[in-house]
Amino acid sequence: MNWGSLSDFLAMGGYALYVWGSYGVAALCIAAEVFLLIRKSSR
Amino acid sequence: MAIDWFRFGSPQAFFPVAGKMVPWFAFLAVAFALPGLYLGFFVAPTDATQGESYRIIFIHVPAAWMSMFLYLVMAGWAGLGLVLNTRLSGMMASAIAPTGAMFTFVALWSGALWGKPTWGTWWVWDARLTSELILLFLYLGFIALKAAFADPQRADRAGAILALLGAVNVPIIYFSVQWWNTLHQGASVSLTRAPSMAATMLAAMLLMALAAWMYSIAVALARVRSIILERERDMAWVRMSAGT
C-alpha cells in the first residue's frame, strides 16, 4: 500500500493537479461520450 | 459450424449482433479498468525520479496507443469500403472516429499535464507531440469532411481517401522518438525487447490498455447502431422494427 491516509492519496506526493487533472478530464470525456450515446440511442 | 461472415456485412444483419455485443464489451472494459486502476494507484511503487507524477502513465500511454490503433482500424474500414463498396464499412469508420479523437485529446491533455512537472513545460513543438496533434486534426477533419456531404456514399468515399492519406501519420508518430531528437522519451514497452519498467507498473498499464480497447469496441458498436438506424431509416427493415 502506497498511502498512509486518504489525504496522502489525494495529494499524490504534490502532483495532485497533474495526476487528477489527467484522470479527471479522461473520466469526463468518457462520461460525456457514453452520455451522448445513450441519449442518442434512446431517442 | 460454418459462419457466413459476409452476411454481417449487411447493416441489417449486423445491427442486432452489435446490440448483443455492446454490454459484454462494456463489462470487460470495467473488468479490466478496476484492477488496472487498483494496481496503478495502490500497488505500483512510487517512481524513484518522477515521484507520483508518473502515475499519469496509466491513462496517457493507453490513450496514446488507442489513438493510433483506432486510426488504423478506422482507415482500414474506410479503405475496405472504398474497395468493396460495402455499406457497413463507411459506417464503422464513422463510428470509430469520435472515440479516436477523444483518446487523442486525452493523450495530448495528459501529456501536457505530465510534461509540466517533468520537462517544465506544457507543450513543445517536437516531432512526437506535433504529429499526435496532427492526428487529432485528421480525426476532426475526417468527421467534418463526412458531415459536409449530403450523400452518404460520397461522404464515405471522400472520408476514405482522407483517412488513407492520413494513415501515413501513424508510423510517423510511433517512430518519431527514434527518427528525431525529441523531448519525449522512447517506448518503454516494445515487442522486441524486455520492458524497461517494474512488473506491477507494466501490468497496470496493460490492463488499462485492454480496458481502453474494450471500451472502444463497446462505444463504436453502440455508435454504429445509431448510424445504421439513421442511414437506413427509409429501409423496410428499420420501419418494420420501429413499428411504423
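Scroll up for the structure.
Conventions and cut-offs
- Residues numbered from 1 in each chain as written.
- Chains lettered and ligands numbered in written order.
- Predicted model: local features only at pLDDT ≥ 70, side-chain atom pairs only at ≥ 80, totals over all residues.
- Heavy atoms only, no water.
- Helix = DSSP H or I, 4+ residues; strand = E, 2+ residues; numbered from the N terminus.
- Buried < 20%, exposed > 50% of the residue type's maximum accessible area, 1.4 Å probe, protein only.
- Areas by Shrake-Rupley, 256 points an atom, 1.4 Å probe, with all protein chains shown as cover.
- Expected span 1.5 Å × (residues − 1).
- Contact = heavy atoms within 4.5 Å.
- Polar contact = N/O pair within 3.5 Å; in protein donor to acceptor, adjacent residues only side chain to side chain.
- Buried area = accessible area lost by both parts, 1.4 Å probe.
- Salt bridge = Lys/Arg side-chain N within 4 Å of Asp/Glu carboxyl O.
- Phe/Tyr/Trp six-rings, centres within 6.5 Å; stacked < 30°, edge-to-face > 60°.
- Core = buried A, V, L, I, M, F, W, Y, C linked by side-chain atoms within 4.5 Å.
- Axes fitted to C-alpha atoms, helices over the stretch in contact; angles between N-to-C directions.
- Parallel < 35°, antiparallel > 145°, perpendicular 65-115°, else oblique.
- Left-handed = near helix turned anticlockwise from the far one by under 90°.
- Nonpolar A, V, L, I, M, F, W, Y, C, P; charged D, E, K, R; others polar.

Trainee: Got a minute to help me understand the overall build of chain A in this structure?
Mentor: Scanning chain A from N- to C-terminus turns up 2 helices and 0 strands. In terms of overall dimensions, chain A has a C-alpha envelope of 45 × 20 × 15 Å along the principal axes. Every one of the 43 residues in chain A was classed for burial, and the buried ones make up 30%. Of the roughly 2800 Å² of accessible surface on chain A, a fraction of 68% belongs to carbon and sulfur atoms.

Trainee: Explanation requested: the environment of B:Trp213 in the structure shown.
Mentor: All names here are of chain B. Tracing the backbone through its elements, the reader meets tryptophan 213 in helix α7 (residues 199–231). On the accessibility criterion, tryptophan 213 (39% relative accessible area) is partly exposed. C-alpha of tryptophan 213 to C-alpha of tryptophan 24: the two residues are 189 residues apart in sequence and 13 Å apart in space.

Trainee: Honestly, helix α5 (residues 152–166) of chain B in this entry has me stumped. Any pointers?
Mentor: Residues and elements named next belong to chain B. Its 15 residues place the ends of α5 20 Å apart at the C-alpha level, agreeing with the 21 Å of an ideal helix rising 1.5 Å per residue. Within α5, the full set of buried residues consists of Ala155, Asp156, Ala158, Gly159, Ala160, Ala163 and Gly166. Summarising the contacts, the buried residues of α5 are in contact with α2 (57–84), α3 (87–119), α4 (127–147), α6 (169–179) and α7. Taking the backbone nitrogen of glutamine 153 as reference, a side-chain oxygen 3.1 Å away marks aspartate 151 as the first, capping residue of α5.

Trainee: I would appreciate a short explanation of the interface of chain B and chain A in the present structure.
Mentor: One frequently used descriptor of interface size is the decrease in accessible area upon assembly of the parts. Taken residue by residue, the interface counts 32 residues in chain B and 22 residues in chain A. Both faces considered, chain B and chain A share a buried interface measuring about 2300 Å² in area, 72% of it formed by carbon and sulfur atoms. Looking only at chain B, the three residues that lose the most surface to chain A are B:Phe41, B:Phe42 and B:Glu52, adding up to 26% of its buried area. With a closest N to O distance of 2.7 Å, B:Arg223 and A:Glu33 form a salt bridge. Linking chain B to chain A there are 9 residue pairs in polar contact (both at pLDDT 80 or more). For the side of chain B that touches chain A, the secondary-structure elements that each account for two or more residues are α1 (11–43), α2, α3 and α7 of chain B.

Trainee: Help me out: how do you make sense of the packing of aromatic side chains in this one?
Mentor: Under the criterion given, the structure shown has 19 aromatic pairs over all chains. Arranged with centres 6.1 Å apart and planes meeting at 45°, the rings of A:Tyr18 and B:Trp122 form a pair that is tilted. Here the residue A:Tyr18 occupies a position in helix α2 (residues 16–42), and B:Trp122 occupies one in the loop between α3 and α4, the pair thus bridging two chains. Cluster of aromatic residues (ring-pair linked, three or more members): A:Trp3, A:Phe9, A:Trp20, A:Tyr23, B:Tyr38, B:Phe41 and B:Phe42.

Trainee: Hey, could you run me through the nonpolar core in this one?
Mentor: One broad rule of soluble globular proteins: the nonpolar side chains tend to lie buried together. Of all hydrophobic cores here, the largest spans 79 residues; its most connected members are B:Phe58, B:Tyr71 and B:Met74. The residues touching B:Tyr71, leaving out its near neighbours within four places in the chain, are B:Met66, B:Leu135, B:Leu138, B:Tyr139, B:Leu162, B:Ala163, B:Gly166, B:Ala167 and B:Val170.

Trainee: Is there a simple way to think about the packing of α2(B) against α4(B) in this case?
Mentor: Residues and elements named next belong to chain B. Closest axis-to-axis distance for the α2/α4 pair is 11 Å, and the angle between their directions is 40°. On the basis of the axis angle, α2 is oblique to α4. Of the two elements, α2 crosses α4, and the hand of that crossing is left-handed. Judged by residue contacts, Met66, Ser67, Met68, Leu70, Tyr71 and Met74 of α2 engage Glu132, Leu135, Leu138, Tyr139 and Phe142 from α4. The residue makeup of the contact of α2 with α4, split by class, is 9 nonpolar, 1 polar and 1 charged.

Trainee: Looking at this model, I keep getting lost on the environment of B:Ala187. Mind explaining?
Mentor: All names here are of chain B. Tracing the backbone through its elements, the reader meets alanine 187 in the loop between α6 and α7. The exposure class assigned to alanine 187 is partly exposed, which follows from its relative accessible area of 38%. The spacing of alanine 187 and valine 177 is 10 residues in sequence and 8.0 Å in space, taken between C-alpha atoms.

Trainee: In this structure, what is going on with unusual backbone geometry? I would like to understand it.
Mentor: Residues other than glycine predominantly adopt negative phi, and peptide bonds predominantly adopt the trans conformation. With a phi close to 50°, A:Met12 is a non-glycine residue in the positive phi region. Inspection of the secondary structure puts A:Met12 in the loop between α1 (6–11) and α2. Here B:Asn85, not a glycine, exhibits a phi torsion of approximately 60°, which is positive.

Trainee: So what exactly am I meant to see when it comes to the side chain of B:Ser176 here?
Mentor: All names here are of chain B. Following the sequence through the fold, serine 176 ends up in helix α6. Within polar-contact distance, the side chain of serine 176 engages the side chain of arginine 128 at 3.2 Å. Those residues within four positions of serine 176 in sequence are excluded, and the remaining contacts are Ala127, Arg128, Ser131, Pro171 and Thr182.

Trainee: Explanation requested: the pattern of salt bridges in the structure shown.
Mentor: Pairs may arise between side chains of opposite charge once their charged atoms sit close together. A complete count under the given rule lists 6 salt bridges over all chains for this structure. A:Lys40 serves as the salt-bridge partner of B:Glu230, at 3.7 Å between the closest nitrogen and oxygen. Of this pair, B:Glu230 sits in helix α7 while A:Lys40 sits in helix α2, which puts the two residues in different chains. The partner of B:Glu232 in a salt bridge is B:Arg87, and the shortest N-O contact between them spans 2.6 Å. Of this pair, B:Glu232 sits in the loop between α7 and α8 (236–242) while B:Arg87 sits in helix α3, and the two are 145 residues apart along the sequence. Taking relative accessible area as the criterion, B:Glu232 reaches 3% and is therefore assigned buried. Bridged by salt links that share partners, the residues B:Lys146, B:Asp156 and B:Arg231 form one connected network.

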